[in-house]
Amino acid sequence: MLSKISKFPPLNLAYVGAVTPSHWDIKVIDENFDPFVFEPADLVGITGFSSNITRAYEIAGIYRERGIKVVLGGIHASMATEEAIQHADAVVVGEVEGVWETVIQDFENNKLQSVYTGSRMDLSDFSILPRRDLLHPEYLWEPVQTSRGCPFNCSFCSVSRYMGQAYRQRKAEDVLAELKGLKGEYVAFVDDNLIGYNQQSKERAQRLFKGMIREKLNKKWWMQTSINSAEDEETIKLAAKAGCMFVFIGFETISGETLREMKKGINIKMGVDNYKKVVSLFHQYGIAVMGAFIIGNDHESPSYYKKLATFFRQSGIDIFQVSVLTPLPGTLLMKNIKNEDRLIYDHFPSDWDKYRFSYLVHKPAGVTPETVYIGDNYLKKSLYAPLPFTIRMAKSYFRLNNKTNFFVAYKLNKALKKSWENSHYYQKYPATFQETTSL
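Residues numbered from 1 in each chain as written. Predicted model: local features only at pLDDT ≥ 70, side-chain atom pairs only at ≥ 80, totals over all residues. Heavy atoms only, no water.

## Notes on the overall build of the chain
Item 1. Of the regular secondary structure elements, the chain holds 17 helices and twelve strands.
Item 2. The proportion of buried residues among the 439 residues of the chain is 55%.
Item 3. Sequence-distant contacts, at least 24 apart, represent 73% of the contacts inside the chain between residues at least 6 apart.
Item 4. A total of about 20200 Å² of accessible surface is found on the chain, and carbon and sulfur atoms cover 48% of it.
Item 5. Looking at the chain, you have 54 positive and 49 negative side-chain charges, and the mean spots of the two groups are 7 Å apart. (Helix = DSSP H or I, 4+ residues; strand = E, 2+ residues; numbered from the N terminus. Buried < 20%, exposed > 50% of the residue type's maximum accessible area, 1.4 Å probe, protein only. Contact = heavy atoms within 4.5 Å. Areas by Shrake-Rupley, 256 points an atom, 1.4 Å probe, with all protein chains shown as cover. Lys, Arg positive; Asp, Glu negative; His and termini not counted. Charge placed at Lys NZ, Arg CZ, Asp CG, Glu CD.)

## A word on the environment of Ile 104
Item 1. With respect to the helices, strands and loops of the structure, Ile 104 is situated in helix 5 (residues 100-108).
Item 2. Given a relative accessible area of 1%, Ile 104 falls into the buried group.
Item 3. Separated by 57 residues in the primary sequence, Ile 104 and Arg 161 have C-alpha atoms spaced 26 Å apart.
Item 4. When residues no more than four places from it in sequence are discounted, the contact partners of Ile 104 are Pro 21, Trp 24 and Leu 43.

## Some points on the pattern of salt bridges
Item 1. By the definition in use, this model includes 20 salt bridges.
Item 2. Across the pair Glu 178 and Arg 170 runs a salt bridge whose closest N-O atoms are separated by 2.7 Å. With respect to burial, Glu 178 and Arg 170 carry one shared label: buried.
Item 3. Lys 380 serves as the salt-bridge partner of Asp 376, at 2.8 Å between the closest nitrogen and oxygen. In this pair, Asp 376 and Lys 380 are both assigned in helix 15 (residues 369-384), four residues apart and thus about one turn of the helix distant. Residue Asp 376 shares its accessibility class with Lys 380, and that shared class is buried.
Item 4. If you follow the salt bridges from partner to partner, you end up with Glu 95, Glu 97, Arg 148 and Arg 168 in one network. (Salt bridge = Lys/Arg side-chain N within 4 Å of Asp/Glu carboxyl O.)

## Quick word on the nonpolar core
Item 1. Residues Phe 189, Phe 209 and Trp 221 are the most contacted members of the largest nonpolar core, which totals 115 residues.
Item 2. What Phe 189 contacts, discounting residues up to four positions off in sequence, is Val 144, Thr 146, Val 175, Leu 179, Leu 194, Leu 208, Met 212, Trp 221, Trp 222, Met 223 and Gln 224.
Item 3. With 13 residues, the next largest nonpolar core counts Leu 43, Val 71, Val 92 and Tyr 116 among its residues. (Core = buried A, V, L, I, M, F, W, Y, C linked by side-chain atoms within 4.5 Å.)

## Comments concerning the side chain of Thr 225
Item 1. Mapped onto the fold, Thr 225 is located in strand 9 (residues 220-225).
Item 2. The class of Thr 225 is buried, set by a relative accessible area of 5%.
Item 3. A polar contact of 3.2 Å, which involves the side chain of Thr 225, links it to the side chain of Asn 193.
Item 4. Here the side chain of Thr 225 touches Ser 229 through a polar contact of 3.5 Å, side chain to side chain.
Item 5. Apart from residues lying up to four places away in sequence, Thr 225 is in contact with Asp 192, Asn 193, Ile 195, Val 247, Phe 248, Ile 249, Gly 250 and Phe 282. (Polar contact = N/O pair within 3.5 Å; in protein donor to acceptor, adjacent residues only side chain to side chain.)

## Overview of the packing of helix 13 (residues 302-315) against helix 15
Item 1. Direction vectors running N to C along helix 13 and helix 15 enclose 20°, while the axes themselves pass 10 Å from each other. Considering their axes alone, helix 13 and helix 15 lie roughly parallel with respect to each other. Read as a crossing pair, helix 13 and helix 15 show a hand that is right-handed. Taking contact as the criterion, the partners of Pro 302, Tyr 305, Lys 306, Leu 308, Ala 309 and Phe 312 in helix 13 are, on helix 15, Thr 371, Val 372, Gly 375, Tyr 378, Leu 379, Ser 382 and Leu 383.
Item 2. Partitioning the contact of helix 13 with helix 15 into residue classes produces nine nonpolar, three polar and one charged. (Axes fitted to C-alpha atoms, helices over the stretch in contact; angles between N-to-C directions. Parallel < 35°, antiparallel > 145°, perpendicular 65-115°, else oblique. Left-handed = near helix turned anticlockwise from the far one by under 90°. Nonpolar A, V, L, I, M, F, W, Y, C, P; charged D, E, K, R; others polar.)

## Some points on the side chain of Glu 178
Item 1. Following the sequence through the fold, Glu 178 ends up in helix 7 (residues 172-180).
Item 2. Glu 178 sits in the buried class, given a relative accessible area of 5%.
Item 3. One polar contact links Glu 178 to Arg 170, side chain to side chain, over a distance of 2.7 Å.
Item 4. Every residue in contact with Glu 178, bar those within four places of it in the chain, is listed here: Leu 129, Pro 130, Arg 132, Val 144 and Arg 170.

## Here we look at the sheet that holds strand 12 (residues 319-324)
Item 1. If you trace the six strands from one edge of the open sheet to the other, you get 5-8-9-10-11-12, paired in parallel fashion. Two strands bound the open sheet, and with one partner strand each, they are strand 5 (142-144) and strand 12. Neighbour-to-neighbour, the strand axes of this sheet turn through a mean angle of 20°, independent of strand direction. (Pairing = 2+ DSSP bridges.)

## Re the state of the cysteines
Item 1. Evaluated as defined, the whole model comprises zero disulfides.
Item 2. Between Cys 150, a cysteine without a disulfide, and Cys 154, which holds the nearest cysteine sulfur, the sulfur-to-sulfur distance is 6.3 Å.
Item 3. When its relative accessible area of 10% is taken as the criterion, Cys 154 is described as buried. (Disulfide = S-S within 2.5 Å.)

## Side note on helix 14 (residues 332-339)
Item 1. Listed as buried for helix 14 are Leu 333, Met 334 and Ile 337. Down the axis of helix 14, the sector holding all buried residues measures 95°, keeping them to one side. Turned more than 90 degrees off the buried face of helix 14, the exposed positions are Lys 335 and Asn 339.
Item 2. Looking one or two residues beyond helix 14, the residue adopting positive phi is Asp 341, at roughly 55°. (Arc of directions from axis to C-beta.)

Structure (structure tokens):
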């Protein structure tokens, strides 16, 4: 289960399959399980994030050399379209469902265009169900998407540009119908925020959770949500009854100044001092908390990392995702860093493989890359060294008072620890600060 718990099916390709005309035969090749082997095809569609787009371009090249047309899509191709079109016969920008039929028709008529722009779908009347039969059967998680878009515009995130700032929601009844058809027990709600941002979205979430309880779906699931979800205890209570095991929340930093630089307004409004209260509320209902934090911001220091490690120990957070600040295409962060000539890795597309949240790909102000990597090792050691790890897991066990939820939290911790131990900086840098590394 350790390797399965951190892998997620390509739901986007299942949606592409759902809107492909029925006279086409479709196969999804998934390198999470099987190494790529060339197979003849009439048309090839490839999606990728920035971190694996060079692999996508490599596979695209293999097919194009044999005269087979390739269409690229996904968030990287949408944000870096001019680059992507150099490696494909066509690029789909934005959401695919409303434009894919046109792509197929143009291909069949030998009139394939270079760029297609998909409109943002009206999810209130969205009847398309993904072709889950195309996905590999050994995935643990059944991914479900109930909304798209984000009203915020955090500097490091491209979601609002890719999906729009309007929070578009599927009806709770439609989501319930999809959940009823799932064979698997474990569900991953892949929305950027399942609960949403206003009273209407909270009411929709409550209808969904009440429906899951009423229908006795018995699913075990997790969701992403914002820190302000803790303002509505009734919604959290219903989520727990509906089977929520853990929540993913972007705390990001304990520095108010850095939150302002990130434009993380909702966290500023709630206040860093309330982080622990947020965690405590979820624990009250047996829900584990996975907290996301970003290091490598401007003007961090050894003293900050030590303060952060202390917060980690005292926060009650069960699972930690600590990543290195990474300017992705389409973000305000990337725009600013480019304008200030602070990129370290800028030979694209070959350098995109460094943009995986474990490399410092830019020059932060007031802190050296060495200090950031030492800080990461210092924080991870404070989380995963045998004694602190044992103490931390024991506390989670008693706080959650739910063996299933604790087991998933434990497995995620083990997966994240393994990821750290396999990182490029794990053995290269010490896990403690010497005087020579102080700023």
